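For reference, the chains in residue letters:
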Amino acid sequence: MKAVIFDLDGVITDTAEYHFLAWKHIAEQIDIPFDRDMNERLKGISREESLECILISGGAETRYTNAEKQELMLQKNHDYQTLISKLTPEDLLPGIGRLLCQLKNENIKIGLASSSRNAPEILKRLEIIDDFHAIVDPTALVNGKPDPEIFLTAATLLGVSTADCAAIEDAEAGISAIKSAGMFAVGVGQEESMLGADLVVRQTSDLTLELLHGEWEQYRIKSV
Ligand code: BG6
Ligand code: MG
């Protein structure tokens, strides 16, 4: 294992909740029911795709012009940025600071594969941006998760072969992307929503380098 590539929202910090709150606000304004089940389907996917999913779920896919959709996304992002402006290093999810330290001590490269255009700002607020050897720019990609492009790009930027990378995700689309990239997939969440993951932990506090090394060895033995 020469590199670990992280998703951001829901893995490094609980901004998945802020995305939920900001989309809920928009959905209420346009009279479309929005709950946590619906929100699960938006995890890992882009802002544009998220709005399309919400509109389709409300039978409103043809109700808005492109300019109106842009306005809805601007509003969502404005609400979201208000929420993330309060983030501090205290908002790192449990165990993530320790894992980053362990990776640095072992000279394992650290990458970020987040679909969020707000990712650099969040990493700055959490005061961990300097720990990352590579941060993928999602605006430079052709395909979003579950396409593997974001993870393949992270591996290229880190200069590490995909077979030597582990990646951590909290979304189904993310796990699919990691597996399609040929990497060791770690899911954070409930086993049933992490189909295809090579290792699932219930919460980030369970993520230690010892656990990753141990499971990595098993995975390598099985894949030979
Ligand atoms: C992903 C989130 O990380 O980023 C999605 O899981 C979000 O919920 C996507 O829609 C895009 O984020 P942003 O900050 O660019 O709107
Ligand atoms: Mg996520």
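Structure first, text after, so check above.
In what follows, the accompanying structure is described.

To continue, consider the coordination of the magnesium ion (ligand 2). Working reference: metal with six octahedral donors, ideal angles 90 or 180 degrees; metal with four tetrahedral donors, ideal angle 109.5 degrees. Looking at the metal site, the magnesium ion (ligand 2) is ligated by Asp-7 (OD), Asp-9 (O) and Asp-170 (OD), spaced 2.1 Å from it. For the magnesium ion (ligand 2), the donor residues sit on a single chain with the sequence spacing D-x1-D-x160-D. Here Asp-170 lies in the loop between β4 (165-169) and α8 (172-180) and Asp-7 lies in the loop between β1 (3-6) and α1 (15-29), a separation of 163 residues in the sequence. A residue is classified by how much of its surface remains accessible, and Asp-170, at 8% relative accessible area, is buried.

Quick look at helix α5 (residues 96-105) now. Of all the residues in α5, the buried ones are Ile-96, Leu-99, Leu-100, Gln-102 and Leu-103. The buried residues of α5 all sit within an arc of 160° when viewed along its axis, so they share a single face. Close packing links the buried residues of α5 with β1, β2 (109-112), β4 and α9 (209-223). Asn-107 lies just past α5 and shows a positive phi near 55°.

A separate point is the packing of aromatic side chains. What the rule picks out here adds up to 5 aromatic pairs. With 6.3 Å between their ring centres and 70° between their planes, Phe-6 and Phe-132 make a pair best called edge-to-face. Pair noted here: Phe-6 is in strand β1 and Phe-132 is in the loop between α6 (119-125) and β3 (134-135), with a separation of 126 residues, a long-range link. The class for Phe-6 is buried, based on a relative accessible area of 0%. Following the ring pairs from residue to residue traces out a cluster consisting of Phe-184, Trp-216 and Tyr-219. Positioned above the aromatic ring of Tyr-80 is the side chain of Lys-76, whose terminal nitrogen or guanidinium carbon lies 4.7 Å from the ring centre. Positioned above the aromatic ring of Trp-216, the side-chain terminus of Arg-220 is 4.7 Å from the ring centre.

Reading the values: the criteria
- Residues numbered from 1 in each chain as written.
- Chains lettered and ligands numbered in written order.
- Predicted model: local features only at pLDDT ≥ 70, side-chain atom pairs only at ≥ 80, totals over all residues.
- Heavy atoms only, no water.
- Donors = N, O, S within 2.8 Å, 3.2 Å for Na, K, Ca; no water.
- Helix = DSSP H or I, 4+ residues; strand = E, 2+ residues; numbered from the N terminus.
- Buried < 20%, exposed > 50% of the residue type's maximum accessible area, 1.4 Å probe, protein only.
- Arc of directions from axis to C-beta.
- Contact = heavy atoms within 4.5 Å.
- Phe/Tyr/Trp six-rings, centres within 6.5 Å; stacked < 30°, edge-to-face > 60°.
- Lys NZ or Arg CZ within 6 Å of the ring centre and 35° of its normal.

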